Structure formats: C-alpha cells, structure tokens
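A structural walkthrough
Okay, here's what each chain looks like letter by letter:
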Amino acid sequence: MIGSEAVSDEGLDVLLNDLLELYGYDFTDYARASFKRRINRIFSLDGFPSFAEFRYRIRNDHEYLKRFIEEVTVNVTEMFRDASFYRALRSEVLSVLGTYPFIRIWHAGCSTGEEVYSMAILLKEEGLLHKSLLYATDINPQVLEQARSGIFSMTHMKQYSENYINAGGKHDFSSYYSASYDRVKFDDSLRSKMIFATHNLVSDRSFNEFQLILCRNVLIYFDKDLQHKVFQLFDDSLEMLGFIGLGAKETLRFSPMANRFKQYGGREKIFRKMS
Amino acid sequence: MKRDMLAIGGSAGSLEFLIRTLPVFWAGLGLAVVIVLHRKSNGDSTLTHLLASRTSMVVKEVEEKESIIPGVIYIAPPDYHVLIEKDFTFSLDYSEKVNYSRPSIDITFESAADVYGDRLACLLLSGSNADGVMGMKTAKAIGGLTAVQDPATCEMPYMPQRALDEVEIDFVVNDGNIREFLETCDGNQRESDKSV
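Residue positions are counted from 1 within each chain, in the order its sequence is given. For this description, chains carry letters from A and ligands carry numbers from 1, given in the order in which they are written. Confidence filtering applies because this is a predicted model: local features only for residues at pLDDT of at least 70, side-chain atom pairs given and counted only at 80 or more, and all residues used for totals across whole chains, interfaces and linings.

1. Here's the deal with the overall build of chain A
Under the DSSP-based scheme used, a helix requires at least four consecutive residues in state H or I and a strand at least two consecutive residues in state E, with every element numbered from the N terminus. The number of helices and strands found in chain A is 10 helices and 10 strands. Taking 275 residues into account, the globule formula puts the C-alpha radius of gyration at 19 Å, and chain A, at 20 Å, falls close to it. In terms of its C-alpha atoms, chain A occupies a principal-axis envelope of roughly 55 × 50 × 30 Å. Here the C-beta atoms are placed from the backbone, and a residue counts as buried if at least 20 other C-beta atoms lie within 10 Å of its own, exposed if 12 or fewer do, and partly exposed otherwise. Among the 275 residues that make up chain A, the fraction classed as buried is 43%. Throughout, a pair of residues is in contact if the C-beta atoms placed from their backbones lie within 7 Å. In chain A, once contacts between residues fewer than 6 apart in sequence are set aside, the share between residues at least 24 apart is 77%. In this description the radius of gyration comes from C-alpha coordinates, and the expected globular size is given by 2.2 Å times residues to the power 0.38.

2. Observations regarding the overall build of chain B
Along the backbone of chain B there are 6 helices and 9 strands. Over its C-alpha atoms chain B spans a radius of gyration of 15 Å, differing by no more than 12% from the 16 Å that the globule rule assigns to 196 residues. For chain B, the spread of C-alpha atoms along the three principal axes comes to 45 × 35 × 30 Å. Per-residue burial for chain B yields a buried fraction of 52% across its 196 residues. Within chain B, counting contacts between residues at least 6 apart in sequence, those at least 24 apart form 70% of the total.

3. Side note on the interface of chain A and chain B
Across the boundary between the two partners, chain A contributes 17 residues, which contact 22 residues of chain B. Counting residues per element, the side of chain A that touches chain B draws most heavily on helix α2 (residues 32-45) of chain A, which supplies 4 residues. Asp, Glu, Lys and Arg are counted as charged, while Ala, Val, Leu, Ile, Met, Phe, Trp, Tyr, Cys and Pro are counted as nonpolar; the rest, among them Gly, fall into the polar class. Here the side of chain A that touches chain B is built from residues that sort into 8 nonpolar, 3 polar and 6 charged.

4. Topic: the domain arrangement of chain A
Residue and element names in this part refer to chain A. Segmentation into domains, and thus their bounds, comes from an automatic or database assignment. In terms of domain boundaries, chain A breaks down into domain 1 (9-72) and domain 2 (83-273). The gap between the C-alpha centroids of domain 1 and domain 2 is 28 Å. Opposite the 8 residues of domain 1 that make contact, domain 2 presents 10 residues. Looking at the side of domain 1 that touches domain 2 element by element, the count peaks at 3 residues for helix α4 (residues 62-72). Classifying every residue of the side of domain 1 that touches domain 2 gives 3 nonpolar, 1 polar and 4 charged.

5. Considerations on helix α6 (residues 114-125) of chain A
All names here are of chain A. Each helix should span, by expectation, one fewer than its residue count multiplied by 1.5 Å. End to end, α6 covers 17 Å across 12 residues, agreeing with the expected 16 Å (1.5 Å per residue, within 8%). With 10 of its 12 residues buried, α6 lies for the most part within the structure. All of the buried residues along α6 are Glu114, Glu115, Val116, Tyr117, Ser118, Met119, Ala120, Ile121, Leu122 and Leu123.

6. Let's talk about the sheet that holds strand β5 (residues 183-186) of chain A
Residue and element names in this part refer to chain A. Overall, antiparallel pairing links the 3 strands, which are arranged β3-β5-β4 in an open sheet. The outermost strands of the open sheet, each flanked by one partner alone, are β3 (151-153) and β4 (177-180). Averaged over all pairs of adjacent strands, the angle between strand axes in this sheet comes to 30°, irrespective of strand direction. Here the rule is simple: two strands pair whenever DSSP picks up at least two bridges between them. Every angle, taken between N-to-C directions, lies between 0 and 180 degrees, and every axis is a line fitted to C-alpha atoms, over only the stretch in contact when it is a helix.

7. Notes on unusual backbone geometry
A cis amide bond, omega 10°, links Arg102(B) with the succeeding residue Pro103(B). Tracing the chain through its elements places Pro103(B) in the loop between β6 (90-93) and α3 (105-116). You will see that Phe80(A), though not glycine, has its phi angle at about 50°, which is positive. Locating Phe80(A) in the fold gives a position in the loop between α4 and α5 (83-97). Phi is positive for Ser111(A), close to 55°, though the residue is something other than glycine. Exposure remark for Ser111(A): the 24 C-beta atoms within 10 Å place this residue in the buried category.

8. A short note on the sheet that holds strand β2 (residues 32-37) of chain B
Two modes of strand pairing occur in sheets, parallel and antiparallel, and in both the strands are linked by backbone hydrogen bonds. Residues and elements named next belong to chain B. An order of β3-β4-β2-β1-β7-β8-β9 is seen for the 7 strands of this open sheet, with the pairing classed as parallel. Where the open sheet ends on each side, the last strands, each with one partner, are β3 (58-61) and β9 (171-173). The average angle at which neighbouring strand axes cross in this sheet is 20°, direction not considered. Taken strand by strand, α3 contacts β1 (5-10), β2 and β7 (120-124), and its axis lies near 165° from that of β1. Contacting β7 and β8 (145-149), helix α5 (residues 158-166) runs over the sheet at an angle of about 140° to β8.

9. A few points about the environment of Gly135(B)
All names here are of chain B. One can find Gly135 in helix α4 (residues 133-141). C-alpha of Gly135 to C-alpha of Leu50: the two residues are 85 residues apart in sequence and 27 Å apart in space. Excluding residues that lie within four positions of it along the chain, Gly135 makes contacts with Ile105, Asp106, Phe109, Glu110 and Cys122.

10. Regarding the nonpolar core
Each nonpolar core reported here comprises buried Ala, Val, Leu, Ile, Met, Phe, Trp, Tyr and Cys residues connected via C-beta atoms within 7 Å. Judged by nonpolar contacts, the single largest core of 134 residues is most densely connected at Ala120(A), Ile213(A), Val34(B), Cys122(B) and Leu123(B). For this core, the domains that each give at least three residues are domain 1 (9-72) and domain 2 (83-273) of chain A. Among all residues touching Ile213(A), those that are not within four sequence positions of it are Trp106(A), Ala108(A), Phe234(A), Ser237(A), Leu238(A) and Ile244(A).

Set out below in structure tokens:
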C-alpha cells in the first residue's frame, strides 16, 4: 500500500471471483474501498512476494483460507461500546420486551461476541435472561469459536468496565467473570442462553423470527444494494413491533422499507417495525 | 492544475490552525474538503459545529455512503476511519486503529489517492505522531499536491516535519498564504468574490 499497491483493482476482481466460485463466499457487494484495503493489509501482513503467490495460496490452502476470511472481515468490537445506545436499549427496548413471555434476540455479525455478552448482562440485570435466547451468528467460524468459549483477554476489562458503568451498569463488572492470569471467563449462566451458528448475511436466509435484531457496524462494509438486501432479510426475520439496533453511523432511513419503521429511543439508531 | 479533493489531516495543535484559517475558505471553492482530526472517541459532534461557525462553506460530518459534493467541508466522525469509493461516495470503517488512531489520516489520504489520483491535494497539520506521512507518500507518487503546515507555526511540529523529511512537499502553508494555497488547489482561478 506504500506508493504502489500490492493488489490492483483487477487483481481484486480476480480474487472476488475465486472466493465465490471455489468457496461460495460472495464479497462482490462489499464496499470496495474498505475491502480492497483489507486485502492489501493481509497481503503485506503475510509478506507475499507477488499477487500470483497470494492467489495460489488462497485457492489451494484451505487452512490459509480460514485466516484470510478472518482477516479480511473486520472483527473489531467492544463490550458496551456506545454507552448511550445501551442505556436506550435498557430503558426503551427491554422495558417493552420484558412484557413478553419469551424473548428472542439475533446478533447478526456478532464477531467475537462482545456485544452478545453485553446484552446477556443487560438482560440479567433486568431480570429477563431466564426467558431469553440470544442467537449469535457470523460468517466466520473462527470468531464464533472464540465467542462460544466466553474467554476474553484481561487487557480490555478496564475499558469494558468503564463502558459498562457509563452504560448504566448496576453491579461490579468483575462479578460477571472469573479471571485467571491474563484471561477472563464469563459466567456460564450468561453463555447458557446463547446459540452460536455460522450465517452469511449475503447468501443465507431468514431462519427464525425475533423481537430484537442487533447488527452494529456490519452494514457499513456493504454497498447500498447489499444493505437493502440485508434490511429485507431483517424485515423477514422480525416480528411486528420488533426492534432493529444499528451502529452509530448506520440508518434504515434510506432503505425502501423506511416508511414501515419508526426511529425509537431518541438519537440512537434503534428502529421499530410498525407495519 | 485544478484539484477535486483537498484532504486535511491533523492531530495535537491542529484545531487552532483550522479555527484561525477556516474563515479564508470561501463558499464556491470548487473542490470538496475532508478533514480528519485525531480526537477523543466520544460520539458528540461539537467539533463540526465549531468548525462550521468559522466559514461560509457548508460543514458537515461524513455520513456513510454519502455522495461527495464540491464546495462542502466534510469532517471525519469520531472513532471511524473514512474511505472514499470510486463512485465518489464516502464509506466508513470501524477496523483496527492505524498509528494508534481512528480515524487514521493515512487511511483517508491513501483511499483518496486511489480514487482522485493527481486530482488530490493533501495538507498535513500540527501533530505529534506520524499518521498521514505514509498517505502523503502515496499521494505524491500518483501526482497529488502535497502540503504541510509550516512546522515553525505548529504547536506540535513533529507530524509536518516528518512529512517534510520523507516526502517531496509542494507547499508549506501558514496563516499568511492559506488563500494562495487554496487558489492553487482550485486551479489558480483568481476569485473576484473571495469575501470572507
């Protein structure tokens, strides 16, 4: 990427085609600039001498493909990121969902699971976890494995604890995990309500109906057409009066179904299905 | 030659320079401006309001998939990288920090270089890390116009100085010649209407 880039636009098209034909991964409608940067990033991280060798490795080394998928998709996430979003979830959304006999939540593109654990903690503090199920899906089996383990690095816990307090947390954050050396393991009581599965938002269909779908900072990596497709998938997967929670810079406003959704929870990107 | 995009990056000490010089940016400037500043990651948009109050140009925070329009100053939102697509829209990215920074100046400069080529101008302001220097190199290599704030006028001269050391810089900008710099970016059109 320094001066002359390693993977050109033409090279990118070749790789996109390989990934789709050989493996069924369809990245063609990902936002180009960001995806190209991810590709060039892993190319230089892994020290490939040429595009040809890069392509050969992706086509022929299935172990490497796993790494490739993990690196080209963005897996940066935090617990209780955007405190105001979680405060709104607690006060505006969970108060409604709490009246239902059973709560089904879908974390679409959950990555390593930080938001799923955050949600489980919220539900527990509102006394709703026992009647909730959290479905957590991602395109990438590697990160799901990590999410399922409930084990996270100790290094982030100070930050997460601050986030938790800012988000209106009611207890001592460290009461939710046990620490050993540089890692922490979250309570099994949280994990027991989570179901992890691979699901590709680009190619897979609706698999259930939910009252709340959380998909934060995933759609920014898709182009507009793909965003609309995914909103359709969410619509198909959402009960009437159900909620969708998006990232701070994402919106349903410009999608064809915008008129059937109402923004809910003040300035937060929470939308409710009205018809 | 006329440029279509001016990308400005700054870190510690750069806000003061922008506040002083933005009144010189005139509405009708024929290029889009994107400003990437390192700042605290809390989600408020006071920076946009502050900068908007200093110029007659339209100032707004970058929105996801928004079309880029000449004459508008776009501000990178806190805690997202800003990239530019071939169809002249912005896309946002919440990937790893680069140079300990999100938004990263390098990412925006490199992405803008990829799209605008030699129609890009880059300006690197005061700061104490080297974010942006790599992006300047990329911009220079494809014929972009490169500029830095005069290190002598910087609260933190490290960032522009690193660019001067490592990249061929076309223009050293200070409070006195910012208008001349903008005119250069705009293709040296002598504006009769440059009222502030």
